[in-house]
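Topology and contacts: notes
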Amino acid sequence: MSIGKRLARIGLPRLIINLTVFVVVALWVMPTLGIFVSSFRDKDQLTVSGWWTAFSSSERNEAGRLGGLDLMKQEGPIYVISGNVLEGRGGAVNAFGTKAVAPRAYKAGTEADLGDGIKLSINSDGAYRYTSTAPFTDDNTGRRVYLAVATPPVFTMVNYKNVLTGEGIGQSFVNSLTVAIPATVIPILVAAFAAYALSWMSFKGRTLLLAAVVGLIVVPLQMSLIPLLRLYNDVGTFLGVPSKTYAGIWLAHTAFGLPLAIYLLRNYIVGLPKEIIESARVDGAGDFEIFTKIVLPLSFPALASFAIFQFLWVWNDLLVAMVFLGTEKDKLVLTGALNALLGSRGGNWEILSASAFVSILVPLLVFFSLQRYLVRGLLAGSVKGG
Amino acid sequence: MASISLRKLNKTYGALTVVHDIDLEIADKEFIILVGPSGCGKSTTLRMIAGLEEVSGGDLVIGDEVVNDVPSKDRDIAMVFQNYALYPHMTVYKNMAFGLMLRKAPRDEIDRKVMEAAKILDIEHLLNRKPKALSGGQRQRVALGRAMVRNPEVFLLDEPLSNLDAKLRGTMRAEIAKLHKRLGATFIYVTHDQVEAMTMADRIVVMKDGHIQQVDTPQNLYDRPVNMFVAGFIGAPQMNMLPVTILRDGQGFVARFEGQNLPMPGNLDQSRIAAYEGREAVLGIRPENFHEVAPDDIPAEALAQMSAVVELTEPMGSEVHLGLTWAGRPITAKVSPRCKAAEGETLNLLVDMSAAHLFDPKSELSLFSDAPQPRGIAA
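Note that the structure is predicted; figures quoted are calculated from it, not measured. (Residues numbered from 1 in each chain as written. Chains lettered and ligands numbered in written order. Predicted model: local features only at pLDDT ≥ 70, side-chain atom pairs only at ≥ 80, totals over all residues.)

**Re the overall build of chain B**
For chain B, the helix and strand inventory stands at 9 helices and 20 strands. For chain B, the spread of C-alpha atoms along the three principal axes comes to 80 × 45 × 35 Å. Across the 379 residues in chain B, those meeting the buried criterion constitute 42%. Counting contacts in chain B only where the partners sit at least 6 residues apart, residues at least 24 apart contribute 66% of the total. (Helix = DSSP H or I, 4+ residues; strand = E, 2+ residues; numbered from the N terminus. Buried ≥ 20, exposed ≤ 12 C-beta atoms within 10 Å, placed from the backbone. Contact = placed C-beta atoms within 7 Å.)

What follows is the structure in structure tokens.
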């Protein structure tokens, strides 16, 4: 079957969909891949070539010096200076020249006729042979040559070592985890309880309460930052404790995440089959047992999908952390540390790329370990059975 | 003791009343079936007994305790739901053990009871499976098993067989009946399927629009329906209802239908018929009371001749259902497959009037019944 026929069988709409998906995936994966590769590259190579050349050798021009008169030997009628221009450095000489304007005038391995009976050949391993029919009269420092040196790709963990130990990223990584884990777990727990009550316990004003919770979703975070911080300061002053603490930011993230969490989980939990819950009730379970033994296990997809949302949001958050936690070293979160690095070490790409990759490592892990629940959880409430 | 009394039981949702003043005495170890069309309040009644719906009015008594406000977990009942309602995240064993675990029963006792129930229901090999790996019939057994292990005084079953295919339903019907005898518990069973009701019940409660129409044994319900609703609901195909006028004919009476006199034989209560002399009534004749040849056990004077046009034949294998037009009225007759009636043909049949029913056209009550008129029936 010809390719045209095959494509025709797939059909244009599906072809467009597949193509679009491919483009979107490529667009999203490329930068990540770039950061990932760059973060392992040698910092000198990183500055001269792009990450996509990382797996081939990179070529650059260098200046070198031949040996001085002290190395001159006489071999019959000719005078020879020989040695190695690379002097033990790695790499391979691709071309060489004797003038700065034409550093790659001759290919490596060929013999260059420099006039006056002087000839120079440099092999790709750097070994050179400089000959003359008359004794060399140059000064003692040796002749300058220009080399096109190809260096093999160098991959190193040094960037990570520097970043994690030297630049404070390691500490802020721990700080970020300290913020993100409780700020994910607390709202989920609270929201699950609330969602159960809002869907399976009948009490007066339930609908109104739910409407209020849903209404809170639209409150913009930025609007509540300052009043909340003032409240924190007042409470801090009143109790004689600092206002910028981990407990404070956990509470802040919990508060900002709860409305959406309750709404999402409630939509899922209300869709659980009524008979299962009634059956448990007849079996002798109270509300708390129904919640812990039946509703929680069955809501795992919804819990996981919200956990991803909340964790990623908290992990990537800079604003709330700056306001409620501050920028002291033992409290600076990863996003804050990256932001600071960008200012102070903006030119050091190897530092930036390694730090950036450290910061996306955890979200990637979280996402891949829970992603099968994400899809199911997002469908929560829309399709019976989720 | 697990007798159950429903005393003037009511269920209202706002202005809507779905169960009206239900009075019912259920004896210990009885198999009671609530039957009726959709929305008749039978499931709501069951759910009130289960404690899943609040009682809006009246008293619900289990044993000799009023349990209106007793939570369902303290009522010593077990319930089997229509869609089984198994816990999808637990194995069959855990599903069955759940109730006992909640009651903190000792582990070996749980084990023994679950194994015992599994053995009775023949699901021992499924104990480690999750519900989604079971077929419909197996799930139903697990649901029954889950109810059994708790050894409750009262079993409540809410249309437990309606999600099964016809063949399996027949098997499970027999098994539930067997289970009832074996367990010696009170069974209250809700269904809309009159075959289930007729085959399993000690007594059937026929409900309509939140009112009890009649409570009686299956055979009595069939033989002596108290009103047109019960007469039409029990028995398939439905009883034929014909408008007639009661006329005196010498010593006895006849029902005059479209110019034809149908005898009212002596086994029908003549004094009650006499009260309707000259008045209109509704004559009810079951499809099986039409005969091609006179049966030996029915006196000739009880048989009335009729001729009707065959509109439709439905061979059922063991019998044939005929859709007929008798004097402009559509009726259904059940005859033997030997009857080779062809559609469009005029057929002569004999009607067994000794099995006839008579109803008041206004109150819809049977003339032969003493039952008080149930409320909610259009008067």
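Now that the structure has been shown, the text picks up again.
**Overview of the environment of Gly 328 of chain B**
Within the element layout of this structure, Gly 328 of chain B appears in the loop between strand E17 (320-326) and strand E18 (329-335). As for Gly 328 of chain B and Glu 258 of chain B, which are separated by 70 residues in sequence, their C-alpha atoms are 8.8 Å apart.

**Some remarks on the packing of helix H8 (residues 246-270) of chain A against helix H11 (residues 300-316) of chain A**
All names here are of chain A. For the pair H8 and H11, interaxial distance at closest approach is 10 Å and the crossing angle is 160°. As summarised for this structure, H8 and H11 are arranged roughly antiparallel, according to the angle between their axes. When the axes of H8 and H11 are compared, the crossing they make is right-handed. From H8, His 253, Gly 257, Ala 261, Leu 264, Leu 265 and Tyr 268 reach across to H11, where they touch Ala 302, Phe 306, Gln 310 and Val 314. Across the contact of H8 with H11, the residue classes break down as 7 nonpolar, 3 polar and no charged. (Axes fitted to C-alpha atoms, helices over the stretch in contact; angles between N-to-C directions. Parallel < 35°, antiparallel > 145°, perpendicular 65-115°, else oblique. Left-handed = near helix turned anticlockwise from the far one by under 90°. Nonpolar A, V, L, I, M, F, W, Y, C, P; charged D, E, K, R; others polar.)

**Considering the pairing of strand E13 (residues 260-264) of chain B**
Relative to E13 of chain B, strand E12 (residues 252-257) of chain B runs antiparallel, the two being bridged by 5 bridges. When the bridges of E13 of chain B are listed, Phe 257 of chain B appears paired with Gln 260 of chain B. (Pairing = 2+ DSSP bridges.)

**Regarding the nonpolar core**
Grouped together as the largest cluster of nonpolar side chains are 171 residues, with contacts concentrated most on Ile 262 and Leu 265 of chain A together with Ile 32, Ile 33, Leu 156, Ile 188 and Val 205 of chain B. Considering each element in turn, this core owes the most residues, 13 residues, to helix H5 (residues 169-200) of chain A. Among residues more than four places away in sequence, those in contact with Ile 33 of chain B are Tyr 189, Thr 191, Ala 197, Met 200, Ala 201, Ile 204 and Val 205 of chain B. Grouped together as the second largest cluster of nonpolar side chains are 17 residues, Val 85, Ala 95, Tyr 128 and Phe 136 of chain A included. (Core = buried A, V, L, I, M, F, W, Y, C linked by C-beta atoms within 7 Å.)

**Looking at the packing of H5 of chain A against H8 of chain A**
Residues and elements named next belong to chain A. Two elements in contact, H5 and H8, have axes whose closest approach is 6 Å; the angle formed by their N-to-C orientations is 40°. Put simply, H5 runs oblique to H8. The two elements H5 and H8 cross, and the hand of that crossing is right-handed. By residue class, the composition of the contact of H5 with H8 is 22 nonpolar, 5 polar and 1 charged.

**Focus: the environment of Gln 260 of chain B**
Looking at the element boundaries, Gln 260 of chain B is found in strand E13. Along the sequence, Gln 260 of chain B and Val 244 of chain B sit 16 residues apart, while their C-alpha atoms lie 9.6 Å from each other.

**So, the domain arrangement of chain B**
All names here are of chain B. Partitioning chain B into structural domains gives domain 1 (4-231) and domain 2 (239-359). Placing a centre on the C-alpha atoms of domain 1 and another on those of domain 2 gives a separation of 39 Å. Listed as interface residues are 4 residues of domain 1 and, on the opposing side, 6 residues of domain 2. Residues that form the side of domain 1 that touches domain 2 fall into these classes: 3 nonpolar, 1 polar and no charged. (Domains from an automatic or database assignment.)

**Let's talk about the sheet that holds strand E2 (residues 16-26) of chain B**
All names here are of chain B. Within the open sheet, the 4 strands sit side by side as E2-E1-E4-E5. Their pairing is antiparallel. Since the sheet does not close on itself, it has two edges, and those belong to E2 and strand E5 (65-66), each with one partner. Bridge count for strand E1 (residues 4-13) against strand E4 (residues 57-62) is 5 bridges, and the pairing is antiparallel. By the bridge assignment for E4, Leu 6 is matched with Leu 60.

**Looking at unusual backbone geometry**
Residue and element names in this part refer to chain B. The step from Ala 236 to Pro 237 runs through a cis peptide bond, and the omega angle for that step is -5°. Mapping Pro 237 onto the fold places it in the loop between helix H8 (228-233) and strand E11 (240-249). With a phi close to 60°, Asp 122 is a non-glycine residue in the positive phi region. Residues other than glycine seldom take positive phi values, yet Glu 258 does so here, at roughly 50°. Here Glu 258 shows up in the loop between E12 and E13.

**Quick notes on the interface of chain A and chain B**
Accessible area lost during the coming together of the parts is what is often quoted as the interface size. Tallying the contact residues gives 14 residues for chain A and 17 residues for chain B. Residue assignment for the side of chain A that touches chain B shows that the elements contributing at least two residues are helix H9 (274-283) and helix H10 (287-298) of chain A. Looking at which element gives the most residues to the side of chain A that touches chain B, the answer is H9 of chain A, with 7 residues. Split into classes, the residues belonging to the side of chain A that touches chain B amount to 7 nonpolar, 2 polar and 5 charged.

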